[in-house]
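Next come the chains, spelled out residue by residue.
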Amino acid sequence: MPNRSALVIYPQDNLSIVVLTNLSGSLPSTFIDEIAGFYITDMKAENGFGLPVAIKPLWAHLEKQGYANISNVAQEMQSQGAIKLIEVDLNTWGYQLIERKKFDQAMGVFTLNTQLFPASANTYDSLVEVYWLLGDSKKAVELYKKVLALQPDNNNAKNQLIKIKEQSN
């Protein structure tokens with residue numbers, strides 16, 4: 001039986017967390033910060049925890065004003081030097097939103113990523129996941145074809161297109 005443990009000390013917050021488990025497949029390192037979030041509110045995902053510092057101002061603005069104008073807001077903030085948008089950071093943010101079932105916001109973040117990095121197959125591959133989760137197989141097919149145009153050897157996109165065709169029949 002696999003045993004797992006983790007100890008994390010948050011010295012600035014006078015907090016230490018110990019997790020001991022014998023649960024198969026359990027990885028305390030993946031949820032220990034979530035436990036800390038019960039005691040340190042800044043460590044909650046809904047408070048921007050886990051987002052890179054370079055995009056937190058954009059996140060804060062969008063959380064208050066809404067994600068409808070994400071592209072315009074991001075462009076303005078980036079031109080002012082208030083944020084620095086990096087593909088992997090935006091992708092991470094989008095997946096955090098998916099985990100929290102905020103699909104429309106995730107779609108906005110992933111769409112922004114495709115606009116900023118149009119030559120990256122990865123950005124389109126991430127965006128297609130939101131459309132797939134929302135049941136829009138037509139848009140998913142369109143985006144997977146875009147992924148394959150940018151990266152013809154992308155086996156994930158090939159396999160997903162096969163799955164979509166099978167489910168459509």
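Residues numbered from 1 in each chain as written. Predicted model: local features only at pLDDT ≥ 70, side-chain atom pairs only at ≥ 80, totals over all residues. Heavy atoms only, no water.

**Considering unusual backbone geometry**
Trans peptide bonds make up most of the peptide bonds, and negative phi angles are found at most residues other than glycine. For asparagine 14, which is not glycine, the phi torsion reads 50° and is therefore positive. Checked against the element boundaries, asparagine 14 lands in the loop between β1 (4–10) and β2 (15–21). Backbone geometry places lysine 101, a non-glycine residue, at a positive phi of 65°. With respect to the helices, strands and loops of the structure, lysine 101 is situated in the loop between α4 (87–99) and α5 (103–116). Taking relative accessible area as the criterion, lysine 101 reaches 62% and is therefore assigned exposed. (Helix = DSSP H or I, 4+ residues; strand = E, 2+ residues; numbered from the N terminus. Buried < 20%, exposed > 50% of the residue type's maximum accessible area, 1.4 Å probe, protein only.)

**A few points about the nonpolar core**
Leu58, Leu62, Tyr67, Leu85, Trp93, Val109 and Leu112 are the most contacted members of the largest nonpolar core, which totals 34 residues. Of all elements in the fold, only α2 (56–65), α3 (70–79), α4, α5, α6 (121–133), α7 (137–150) and α8 (155–168) reach the threshold of two or more residues within this core. Sorting elements by how many residues they give to this core places α6 first, with six residues. Those residues in contact with leucine 58 that sit more than four places away from it in its chain are Val73, Ala74, Met77, Ile83, Leu85, Trp93 and Leu112. The next biggest cluster of nonpolar side chains, apart from the first, holds eight residues, and it includes Ala6, Ile17, Ile32 and Ile40. (Core = buried A, V, L, I, M, F, W, Y, C linked by side-chain atoms within 4.5 Å. Contact = heavy atoms within 4.5 Å.)

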